[in-house]
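In case you want the letters, here they are:
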Amino acid sequence: MEEIKLNVDDSVFHDIQLIDTRMVSLHCNVNKKESEKDIKTNISIVTQGDAVTDKCGESIIQVKVVSDIFELEITQSGKFEKNNEIEISKEKFENFLATQGIRLLWSFVRENVYEISCKMLRKPIMLPTLDVMKTLNKK
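This structure is a prediction, so every number in the text was calculated from the model and none was measured.

Considerations on the environment of Glu-91
Piece 1. Tracing the sequence through the fold places Glu-91 in helix α1 (residues 90-120).
Piece 2. Distance from Glu-91 to Phe-70, taken between C-alpha atoms, is 37 Å for residues 21 residues apart in sequence.

What follows is the structure, encoded as structure tokens:
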């Protein structure tokens with residue numbers, strides 16, 4: 001097994017940092033009794049970025065998971081902050097927040113969906129790992 005060690009003091013930090021995240025809304029419902037079969041789900045994702053100030057921004061990701069027996073809608077918010085050295089337009093900052101917000105907030109959404117579905121279903125829902133940049137480049 002390969003091991004990589006990083007010294008945080010020597011690391012290069014991104015010019016825009018995620019400084020806070022929280023689940024801002026949740027709706028879930030079990031529609032009918034679960035069968036022993038695998039649950040086929042339809043997953044949809046919507047994201048948006050908003051430059052709140054010239055230094056701070058917010059990314060919102062809304063994920064809907066729908067199947068015959070289960071519905072879940074979750075919204076996760078992330079607060080981002082630019083360092084003083086980077087100069088980018090509001091449009092580029094909001095584009096960063098929308099695209100990178102998916103990548104950075106997806107793991108929080110995955111964990112929340114899994115934990116919530118563990119309490120409601122026999123077989124919890126594990127959302128797939130996404131290659132966000134390849135997916136966005138397909139469009």
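Here we look at the nonpolar core
Piece 1. In terms of nonpolar packing, the biggest core is built from 17 residues, with Ile-61, Val-63, Leu-72, Val-109, Val-113, Ile-125 and Leu-127 touching the most fellow members.
Piece 2. At the level of secondary structure, the elements contributing two or more residues to this core comprise β3 (56-66), β4 (70-82) and α1.
Piece 3. Among the elements that take part in this core, α1 stands out by supplying six residues, more than any other.
Piece 4. Not counting the four nearest positions on each side in its chain, Val-109 is found in contact with Ile-61, Val-63, Ile-74, Gln-76 and Leu-127.
Piece 5. In this structure, Ile-16, Phe-80, Ile-86 and Leu-97 belong to the second largest nonpolar core, which totals seven residues.

A look at the sheet that holds β3
Piece 1. Spatially, the four strands line up as an open sheet ordered β1-β4-β3-β2, and their pairing is antiparallel. Every other strand in the sheet has two partners, leaving β1 (16-30) and β2 (42-51) as the edge strands with one partner each. Recorded for the sheet is a direction-independent mean angle of 15° between the axes of neighbouring strands.
Piece 2. The strands that α1 touches are β1, β2, β3 and β4; relative to β4, the one it contacts most, it runs at about 140°.

What to know about the side chain of Ser-77
Piece 1. Structurally, the position occupied by Ser-77 is in strand β4.
Piece 2. With sequence-adjacent residues up to four places away left out, Ser-77 is seen in contact with Asp-20, Thr-21, Arg-22, Val-24, Glu-58, Ser-59, Ile-60 and Leu-105.

Calculation criteria
- Residues numbered from 1 in each chain as written.
- Predicted model: local features only at pLDDT ≥ 70, side-chain atom pairs only at ≥ 80, totals over all residues.
- Heavy atoms only, no water.
- Helix = DSSP H or I, 4+ residues; strand = E, 2+ residues; numbered from the N terminus.
- Core = buried A, V, L, I, M, F, W, Y, C linked by side-chain atoms within 4.5 Å.
- Buried < 20%, exposed > 50% of the residue type's maximum accessible area, 1.4 Å probe, protein only.
- Contact = heavy atoms within 4.5 Å.
- Pairing = 2+ DSSP bridges.
- Axes fitted to C-alpha atoms, helices over the stretch in contact; angles between N-to-C directions.

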